[in-house]
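# A structural walkthrough
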Amino acid sequence: MLLHLVKKDILLVKKYLLFMLLVVIAFPLFIMARNPEFLGFNTFLISVIFTEFMLYQYVSIAEMKYPKATALLCGTPYSRSMLIKARYAFLLLIFTYCYVAYTVLALFVPKVEYLTLLSTLTALLISTILFGVYTPIQYKLGYERTKYFFSIVIVATPFILPALSNVDIRLDFIELSAMSMLAKCLILIVAVIAILCISLIVSIKIYSKKDLL
Amino acid sequence: MSSILEVTGLNKSYGDFSLSDVSFTLEEDCITGFIGINGAGKTTTIRTILGLVTRASGTIKFFGKDMNKYEQELKDRIGIVLDDGGFYDELSMAEMTSIISPAYSRWSEQDYKTFMERFSLNPRQKIATLSKGMRMKYSLTLALSHQADLLIMDEPTSGLDPLIRSQLMEILKDYMKQGGKGVFFSTHITSDLDKVADMLILINNGRILFEEEKDILIDTHRLVKGDIKDLTDETRNLFLNIQETEFGFSGITNQLSKVQKNLHDILIERATIEDIMLGYIEKETKNNVITSR
Amino acid sequence: MKILISNISDKPLYQQIKDQIKDAIFKGEIGEGDPLPSIRNFAHDLKVSVLTIRRVYDELEEERFITSQVGIGTFVSTGNLELIRDSKRHLVEQVMLELIQTAKTLRITKEELNEMMNILYEEDGQ
């Protein structure tokens, strides 16, 4: 049943899907041509956050345009928690696609290197933190009041690029630290799961008490 | 006969409107009309029953089971028609169906196809291009394609022409023929109910004014017309509401024998559901004015 | 069986239906053991609520005019002709008792009552 709700989210952003999916492929190529030193983790992170945010906002706009449709869905045996879980699954799906697209790119384009497990997990953690915080807030305050957050993110992106060099340094630090690779990966995985679970539970709690109409 | 729906002590506040202590029961094999003017609380009640909005207090039981405990299981047996459908207009009917149908364990693709054909609906058509009547028919198709035991409909006929409305009533009667089913629908177009309703529940200002068998309502109320001169304070009280013009009065009463004893030279007719509904609403409004003084 | 419901009559709907069914049984339009329509179909054809037909059937069953068997249907009672004949008399007796009560209240004597009865009976043309 969850799959069908994820399908619903995909159907709702159908119009923008193709464009966004192409962006995921085009953006690394663009960076490769302009600033090849930014390839790798930074590029991947930006494309993940950008794609997830854009599609997430499009889906939120669609839901906001048709509140009665959400109500109808809640009148069916689909539970409210299932609707929320599907939304999180939707985001994870986008992340997975970004990873696969990037890896395929690495396969065919020699200048693009494969992502390391560590950088993938780190990107996952960062995007999970961002959405883990943003999603419950959006459920609580609604799309109207939180959409400006998105605009800020988009505007801030050009400024993120220089800031990323700092992240680079911190990553090197993580890599140089004494823990084994396995331990680092495990910590990241546990953190991702923990944040996902907490965010999910909070979102579900908020949404169960909401008046849908 | 067992109860299909039992609502007890429903309370819900929305700013300056609230449902107060709404209680009623729907029996099996009955079509129940939920009537009231716009803003009376029909839609709020239905949304509260379905869990679409939270309630301050009250219990809701379907088929004897508490909604709080058995929500998914119960919703599986309920067919819903919301006013204006409640669809993602950008999708086609087929796409919308592909989202909704997996929710129900007893979905019947056969029934779905039969209804779509019967209503001449093309599944690939975008929902935004459908007329109001087609939207209702599509909504009904979804509600009737998963072997629901109870149909709950919120103003399914508003904005529709008399032909479609009477077609809908026929479909409801067919649905009831299966036995063990129930229909609950809210409307302010009471003429539809004259023909098909078994029970009527009137809500006004968030309160239930009556819950009665339609035939009994029609039997016990009359529309009386006569000369104003014959009205006294005492006889005025025998009526739920009275309209007076220079040519005479007309009013609804549920105390016909007393009226006949006290007033002579009157015309007596059967009242329509609308007459009776307006009668109770006016009486309630008058009472509220009196108590607020 | 002919059942016509009047919109102008003062009699409650269920009473009209019940009386006309009884009439049909008395007149032999439906015989002992004959099936009656199902509650749903009957309600549909007469355009009344199923609750009303249910009431009619319940009361007719109580008065032993019909019997219903779960899953099979509702039928005119058999072997109740005596009962029916008795209840015909019973019906008239009921009305007569009311009549006598009213007459007594209005101080009309038995003789006057009989006289009125004779005149009206002839007048009615039956």
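What you see is a predicted model, and the numbers here were worked out from it, not measured in a lab. (Residues numbered from 1 in each chain as written. Chains lettered and ligands numbered in written order. Predicted model: local features only at pLDDT ≥ 70, side-chain atom pairs only at ≥ 80, totals over all residues.)

Along the backbone of chain B there are 11 helices and 14 strands. C-alpha atoms of chain B, sized along the principal axes, occupy 65 × 40 × 35 Å. Of all intrachain contacts in chain B linking residues separated by at least 6 positions in sequence, the fraction that spans at least 24 positions is 71%. (Helix = DSSP H or I, 4+ residues; strand = E, 2+ residues; numbered from the N terminus. Contact = placed C-beta atoms within 7 Å.)

The number of helices and strands found in chain A is 8 helices and 0 strands. When the helices and strands of chain A are listed from N to C terminus, the series reads α-α-α-α-α-α-α-α. By residue count, 30% of the 213 residues in chain A fall in the buried class. (Buried ≥ 20, exposed ≤ 12 C-beta atoms within 10 Å, placed from the backbone.)

A few words now on the environment of Ser199 of chain A. Residue and element names in this part refer to chain A. Its place among the elements puts Ser199 in helix α8 (residues 181–208). Judged by the 20 C-beta atoms lying within 10 Å of it, Ser199 falls in the buried class. When the C-alpha atoms of Ser199 and Tyr88 are compared, they prove to be 9.5 Å apart, with 111 residues separating the residues in sequence. Setting aside residues up to four positions removed in sequence, Ser199 forms contacts with Gly132, Thr135 and Pro136.

What follows deals with the sheet that holds strand β1 (residues 35–36) of chain C. Residue and element names in this part refer to chain C. Taken in spatial order, the 3 strands make up an open sheet running β1-β3-β2, and their pairing is antiparallel. Taken across any chain shown, the strands that pair with only one partner, and hence form the sheet edges, are β1 and β2 (66–69). For β1 and strand β3 (residues 73–76), the ladder comprises 2 bridges, and the chain directions are antiparallel. Of the residues in β3, the one forming a bridge with Leu36 is Thr74. Across the sheet, helix α3 (residues 50–62) is in contact with β2 and β3; its angle to β2 comes to roughly 115°. (Pairing = 2+ DSSP bridges. Axes fitted to C-alpha atoms, helices over the stretch in contact; angles between N-to-C directions.)

The subject of this paragraph is the pairing of strand β12 (residues 239–245) of chain B. All names here are of chain B. As paired strands, β12 and strand β13 (residues 248–253) are joined by 6 bridges and run antiparallel to one another. Residue Thr245 lies in a different strand from β13, and its bridge partner there is Gly248. Joining the antiparallel neighbours β12 and β13 is a turn of 2 residues.

In this section: the interface of chain B and chain A. Counting residues at the interface gives 23 residues for chain B and 22 residues for chain A. The element contributing the most residues to the side of chain B that touches chain A is helix α3 (residues 93–100) of chain B, with 3 residues. Its residues placed into classes, the side of chain B that touches chain A shows 13 nonpolar, 4 polar and 6 charged. (Nonpolar A, V, L, I, M, F, W, Y, C, P; charged D, E, K, R; others polar.)

This part is about the interface of chain B and chain C. Contacts between the two partners involve 11 residues from chain B and, on the opposite side, 12 residues from chain C. When residues of the side of chain B that touches chain C are traced back to their parent elements, those giving at least two are α6 (162–177) and α8 (214–220) of chain B. Among the elements that take part in the side of chain B that touches chain C, α8 of chain B stands out by supplying 3 residues, more than any other.

Next up on the list: helix α5 (residues 80–108) of chain A. In an α-helix, one full turn covers 3.6 residues, which means residues spaced three or four apart are oriented alike. Residue and element names in this part refer to chain A. Between its first and last C-alpha atoms α5 spans 43 Å; for 29 residues at 1.5 Å apiece the expected length is 42 Å, and the two agree. For α5, every residue scored as buried is listed here: Leu83, Ile84, Ala86, Arg87, Phe90, Leu91, Ile94, Cys98, Ala101, Tyr102 and Leu105. Next to the buried residues of α5 lie α1 (2–12), α2 (14–34), α3 (41–65), α4 (67–75), α6 (117–141) and α8. (Expected span 1.5 Å × (residues − 1).)

Residues and elements named next belong to chain B. Splitting chain B by domain gives domain 1 (3–213) and domain 2 (218–292). Here domain 1 and domain 2 have C-alpha centroids that lie 34 Å from each other. Taken together, the contact between domain 1 and domain 2 spans 11 residues of the former and 7 residues of the latter. Elements supplying a minimum of two residues to the side of domain 1 that touches domain 2: α7 (191–196), β9 (199–204) and β10 (207–213). The residue inventory of the side of domain 1 that touches domain 2, partitioned by class, reads 7 nonpolar, 3 polar and 1 charged. (Domains from an automatic or database assignment.)

All names here are of chain B. Helix length check: α6 (16 residues) gives 23 Å between terminal C-alpha atoms against 22 Å at 1.5 Å per residue, within 8%. Residues of α6 that are buried include every one of Leu168, Leu172 and Met176, and no others. Relative to the axis of α6, the buried residues are bounded by an arc of 80° and lie together on one face. α6 presents Leu163, Glu170, Asp174 and Lys177 as exposed residues on the side facing more than 90 degrees away from its buried surface. Gly179 occupies a position one or two residues after α6 and carries a positive phi of about 85°. (Arc of directions from axis to C-beta.)

To continue, consider the sheet that holds strand β11 (residues 222–226) of chain B. All names here are of chain B. In space, the 4 strands of this open sheet follow the order β12-β13-β11-β14, with antiparallel pairing throughout. Because the sheet does not close on itself, it has two edges, and the strands there are β12 and β14 (267–270). Within the sheet, the average angular offset between the axes of one strand and its neighbour, ignoring direction, is 20°. Relative to β14, β11 runs antiparallel, the two being bridged by 4 bridges.

This paragraph deals with the arrangement of the chains. Across the 2 pairs of chains that are in contact, the largest number of contacts falls between chains A and B. Here chain A and chain C are not in contact; the least distance found between their C-alpha atoms is 29 Å.

Attention now moves to the packing of helix α2 (residues 39–46) of chain C against α3 of chain C. Residues and elements named next belong to chain C. Closest axis-to-axis distance for the α2/α3 pair is 8 Å, and the angle between their directions is 120°. Accordingly, the angle class assigned to the pair α2 and α3 is oblique. When the axes of α2 and α3 are compared, the crossing they make is right-handed. Contacts between α2 and α3 involve Ile39, Arg40, Phe42 and Ala43 on the former and, on the latter, Val50, Ile53, Arg54 and Tyr57. Looking at the contact of α2 with α3 residue by residue, the classes come out as 6 nonpolar, no polar and 2 charged. (Parallel < 35°, antiparallel > 145°, perpendicular 65-115°, else oblique. Left-handed = near helix turned anticlockwise from the far one by under 90°.)

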